[in-house]
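# Structural characterization, general
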Amino acid sequence: MNSIELYNNAKERYAEIGVDADKALEKLKEIALSLHCWQTDDVGGFETPDAQLAGGGIQVTGNYPGKSGTIEEMRSDLDKVYSLLPGTHRLSLHAIYGEFGGKKVDRDEIEPEHFKGWIDWGKEKGIKLDFNGTFFSHPKAERGFTLASPDKGIRDFWIEHGKRSRKIAAAFGRAQDDPSILNTWIPDGMKDLPVNRLKYRSILKESLDEMYSEKIPKAAMKDAVETKLFGIGSESYVVGSHEFYMGYALKNNKIATLDLGHFHPTELIADKLSSMYLFFDELLLHVSRPVRWDSDHVVILNDDIRYLAEEIIRCDKLDKTHIGLDFFDGTMNRIGAYAIGARATLKGLLLGLLEPAELLNKYDADGNAFARLALIEELKFMPFGDVWNYYCETAGVPSDRQLIPDVMEYEKKVLLKRI
Ligand code: RNT
Ligand code: ZN
């Protein structure tokens, strides 16, 4: 059977349980993931002269050849990545990826001008941009504190960075006629027991108030704050914890960012969504895969992703949920890693869209826990791969089977030629 026949067969199987596969694909097509630019070069960036990862609790391991070392290489890699994904997706940039023209432009000096090339690139490709201030990999972050630093000089430096990041995001939003989401994550915390947890959190609250003091229309940009439980070197205390930012975001009308790697390993992030949707207009997700800790492994289609995607769809909040990716792995072909992670996220969403909502809700309402669970089990063996392959084919991107040769060819032709 060819892929269309397989799809038609799958469509019939789904119709039997009350699911319209065509409709599911129409909806899937509308979903834009925000791809994290930093998977192309292990969160290196293009600052001059020393684009080096200096602390911040972000650990990229691996030295697989071919990482992008220039903006041109990065854009070539991104072109390749987008060509492997069905649908139209966004790009999330970090401040260290500006075009600084070989000059030293410190974080408190960045301007929209440094990102003009990206704005033009986005326009040309039809890719909308999101943004992140970079509050790590910098001498002024080395002591482990940025916005929550008791040192006013350090704090002011990072407040300025945050203000400028907001202006850059706003420039993106205006140019693309669609708000750019600015995510703020800071590494501030302590390896060992603080005795004054309140102090740093009070400082952070004040710094954020100052950083956000300028009113910028939401049509241009929206602020998001990323919560975290712990990091390398901040095992005992993270200033910007989940509770801290839940409170801050609610009170100040910001978006909360949930990163899948930023909670206790047994916490189910999917379960948090319904509570948060009741109180937040919008959420930002950082789709990641923690392995024992916040290790940012390449996302695969595991239960966490499946439950998360299903939950967004069950709550009918696709339009209120910004789905960003956040993983980085230097041990394998980085383009392939991107493709696996982004496609796995889309697959999770497809599974959610292919759920027989009516039937599941009926069993649920009947209190028939057995039938509900049996149907959830049955769904695992439905021919959803045929729907996915058909979707890829109609979108003109490789199927899963074609992905390996396709990525290997790019590796041979492009990546391995890099020094
Ligand atoms: C770190 C956060 C943050 C970063 C990126 C690079 O723990 O998850 O989102 O991964 O900003
Ligand atoms: Zn994150």
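Here's a quick rundown of the structure. Just so it is clear, the model here is predicted, and its values are computed rather than measured. (Residues numbered from 1 in each chain as written. Chains lettered and ligands numbered in written order. Predicted model: local features only at pLDDT ≥ 70, side-chain atom pairs only at ≥ 80, totals over all residues. Heavy atoms only, no water.)

## Some words on the pairing of strand β8 (residues 255-259)
Most of β8 sits inside the fold, with five of its five residues counted as buried. Pairing geometry for strand β6 (residues 221-226) and β8, over three bridges, is parallel. Bridging from a neighbouring strand, V225 pairs with A256 of β8. In terms of strand pairing, β8 meets strand β9 (residues 283-287) through four bridges, oriented parallel. Across the sheet, the residue bridging to A256 is L283, located in β9. Viewed along the sheet, the connection from β8 through helix α8 (residues 269-279) into β9 turns out right-handed. (Buried < 20%, exposed > 50% of the residue type's maximum accessible area, 1.4 Å probe, protein only. Helix = DSSP H or I, 4+ residues; strand = E, 2+ residues; numbered from the N terminus. Pairing = 2+ DSSP bridges. Right-handed = clockwise from strand over helix to strand, strands pointing away.)

## Here's the deal with the environment of L285
For L285, the position within the fold is in strand β9. The contact partners of L285, leaving out residues within four places of it in the chain, are L258, L273, L308, I312, T321, H322, I323 and G324. (Contact = heavy atoms within 4.5 Å.)

## A closer look at the packing of helix α9 (residues 303-314) against helix α10 (residues 334-353)
Packing of α9 against α10 brings their axes to within 8 Å, and their N-to-C directions diverge by 50°. Taken as axis vectors, α9 and α10 run oblique relative to one another. In the packing of α9 onto α10, the handedness of the crossing is right-handed. Here I305, R306, A309, E310 and I313 of α9 come into contact with α10, specifically with A344, T345, G348, L349, L351, G352 and L353. Here the residues of the contact of α9 with α10 are counted per class, giving seven nonpolar, three polar and two charged. (Axes fitted to C-alpha atoms, helices over the stretch in contact; angles between N-to-C directions. Parallel < 35°, antiparallel > 145°, perpendicular 65-115°, else oblique. Left-handed = near helix turned anticlockwise from the far one by under 90°. Nonpolar A, V, L, I, M, F, W, Y, C, P; charged D, E, K, R; others polar.)

## Overview of the side chain of E47
Along the chain, E47 turns up in the loop between β1 (33-36) and α3 (71-83). On the basis of relative accessible area, E47 is assigned to the buried category, the value being 14%. Within the structure, the side chain of E47 is placed 2.5 Å from the side chain of R107, a separation counted as a polar contact. (Polar contact = N/O pair within 3.5 Å; in protein donor to acceptor, adjacent residues only side chain to side chain.)

## Let's talk about the pattern of salt bridges
Under the criterion given, the structure shown has 32 salt bridges. A salt bridge links D130 to R90; the shortest N-O distance between them is 2.8 Å. Within this pair, whereas D130 is found in strand β3 (residues 129-132), its partner R90 is found in strand β2 (residues 90-94), the two being separated by 40 residues in sequence. A salt bridge links E124 to K125; the nearest nitrogen and oxygen atoms lie 4.0 Å apart. With relative accessibility at 33%, the residue K125 sits in the partly exposed group. Via salt bridges that share partners, R306, E310, R314 and E355 belong to a single interconnected network. (Salt bridge = Lys/Arg side-chain N within 4 Å of Asp/Glu carboxyl O.)

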